[in-house]
Amino acid sequence: MALRETLAEKKEQIVKRWLHEALALYVRDASAAFGKQKNQFANPVGHSLREGTLAIFEALLEDQDAEKIRQHLVEMVKIRAVQQFEPSAALDFIFQLKTIVREEAAAVLENGDVSAEFQMFERRVDEVALAAFDVYVECREKVFEIRSSELRRSVSWIVDKLNKRENGPELVGADLDNESPRA
């Protein structure tokens, strides 16, 4: 039996273990809640991880292109980027898929005929990890832009309030974008 057929046959077990690895980053109580609650509105983290791991695994089995896989990654990685996890911790679950597949398909992998197929599968998982890293960085940059913009707005508001006070210091013309006051 070829590797692809074995993985398709064991898909449910593999995805379940992979989801467990993805949830392992969270504290035990949160991880249990994310794993059990299936309602997407009551549990957006668990839902996106459940849907994403299944979709990505199926995409890998079907040799879908990188853009399709990237679409499945976005929601999973976006949540982790907003939660301020380190990139290595946030994306480690992707690499865990290789270990899970090795363990679940051990009997077939002993046969040397599928080693090239397994190497191709591992290469595809690495491509998924690289795409996930790109998504993670994009999301973190967006979070930084939002925070920076909000900080500029709040500082501008404070400067306006100070300028309106009768006896307050005169900060007219403060150029907040260049961080240097104008005369």
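Residues numbered from 1 in each chain as written. Predicted model: local features only at pLDDT ≥ 70, side-chain atom pairs only at ≥ 80, totals over all residues. Heavy atoms only, no water.

Thoughts on the packing of helix α5 (residues 66-82) against helix α6 (residues 87-104)
Logical step 1: The geometry of α5 relative to α6 is characterised by a closest axis approach of 9 Å and an angle of 145° between their N-to-C directions. Crossing geometry of α5 relative to α6 is assigned as right-handed. Contacts between α5 and α6 involve L73, M76, V77 and R80 from the former and A89, A90, L91, F93 and I94 from the latter.
Logical step 2: Residues belonging to the contact of α5 with α6 are distributed by class as follows: 8 nonpolar, no polar and 1 charged. (Axes fitted to C-alpha atoms, helices over the stretch in contact; angles between N-to-C directions. Helix = DSSP H or I, 4+ residues; strand = E, 2+ residues; numbered from the N terminus. Left-handed = near helix turned anticlockwise from the far one by under 90°. Contact = heavy atoms within 4.5 Å. Nonpolar A, V, L, I, M, F, W, Y, C, P; charged D, E, K, R; others polar.)

Examining α6
Logical step 1: For α6, with 18 residues, the first-to-last C-alpha span of 27 Å sits near the 26 Å given by 1.5 Å per residue.
Logical step 2: Where α6 bends most, at F93, the angle is about 40°.
Logical step 3: Elements in contact with the buried residues of α6: α1 (3-9), α2 (11-23), α4 (44-61), α5, α7 (106-109) and α8 (115-164). (Expected span 1.5 Å × (residues − 1). Bend = angle between axes of the 7 residues up to and from the residue.)

A few points about the confidence of the model for the protein chain
Logical step 1: Averaged over all residues, the pLDDT of the protein chain equals 83, while 81% of them reach at least 70.
Logical step 2: Across the protein chain, the element-wise mean pLDDT spans from 50 in strand β2 (residues 180-181) up to 95 in α6. (pLDDT = per-residue confidence, 0-100.)

Brief notes about the packing of aromatic side chains
Logical step 1: All chains considered together, the criterion is met by 3 aromatic pairs.
Logical step 2: Measuring from ring centre to ring centre gives 6.5 Å for F57 and F121, while their planes differ by 70°; the resulting arrangement is edge-to-face. A residue pair is termed long-range when its members are at least 10 positions apart, and F57 in helix α4 and F121 in helix α8 qualify at 64 residues.
Logical step 3: Take F57: its relative accessible area is 0%, and that puts it in the buried class.
Logical step 4: In this structure F121 comes out as buried when scored by relative accessible area, which is 6%. (Phe/Tyr/Trp six-rings, centres within 6.5 Å; stacked < 30°, edge-to-face > 60°. Buried < 20%, exposed > 50% of the residue type's maximum accessible area, 1.4 Å probe, protein only.)

Looking at unusual backbone geometry
Logical step 1: Of note, D63 is a non-glycine position whose phi angle comes to about 55°, a positive value.
Logical step 2: Here D63 is to be found in the loop between α4 and α5.

Here we look at the pattern of salt bridges
Logical step 1: Tallied over the full model, the rule gives 9 salt bridges.
Logical step 2: Put simply, R102 and E122 hold a salt bridge, and the shortest N to O gap is 2.4 Å. Residue R102 is found in helix α6, and its partner E122 is found in helix α8; the two are separated by 20 residues along the sequence.
Logical step 3: Residue E122 is classed as buried on the basis of its relative accessible area of 16%.
Logical step 4: In this structure, the salt-bridge partner of E150 is R153, at a minimum N-O distance of 2.9 Å. Of the two residues, E150 and R153 both sit in helix α8, 3 residues apart, roughly one turn of that helix.
Logical step 5: The network of salt bridges with shared partners includes R17, E103 and E104. (Salt bridge = Lys/Arg side-chain N within 4 Å of Asp/Glu carboxyl O.)

Notes on the side chain of R80
Logical step 1: Of note, R80 is situated in helix α5.
Logical step 2: Here R80 is buried and forms no salt bridge, its nearest opposite-charge partner D92 lying at an N-O distance of 7.9 Å.
Logical step 3: Side-chain polar atoms of R80 contact the backbone oxygen of A22, separated by 2.2 Å.
Logical step 4: Among all residues touching R80, those that are not within four sequence positions of it are A22, L23, L25, Y26, L49, F85, A89, A90, F93 and Y136. (Lys, Arg positive; Asp, Glu negative; His and termini not counted. Polar contact = N/O pair within 3.5 Å; in protein donor to acceptor, adjacent residues only side chain to side chain.)

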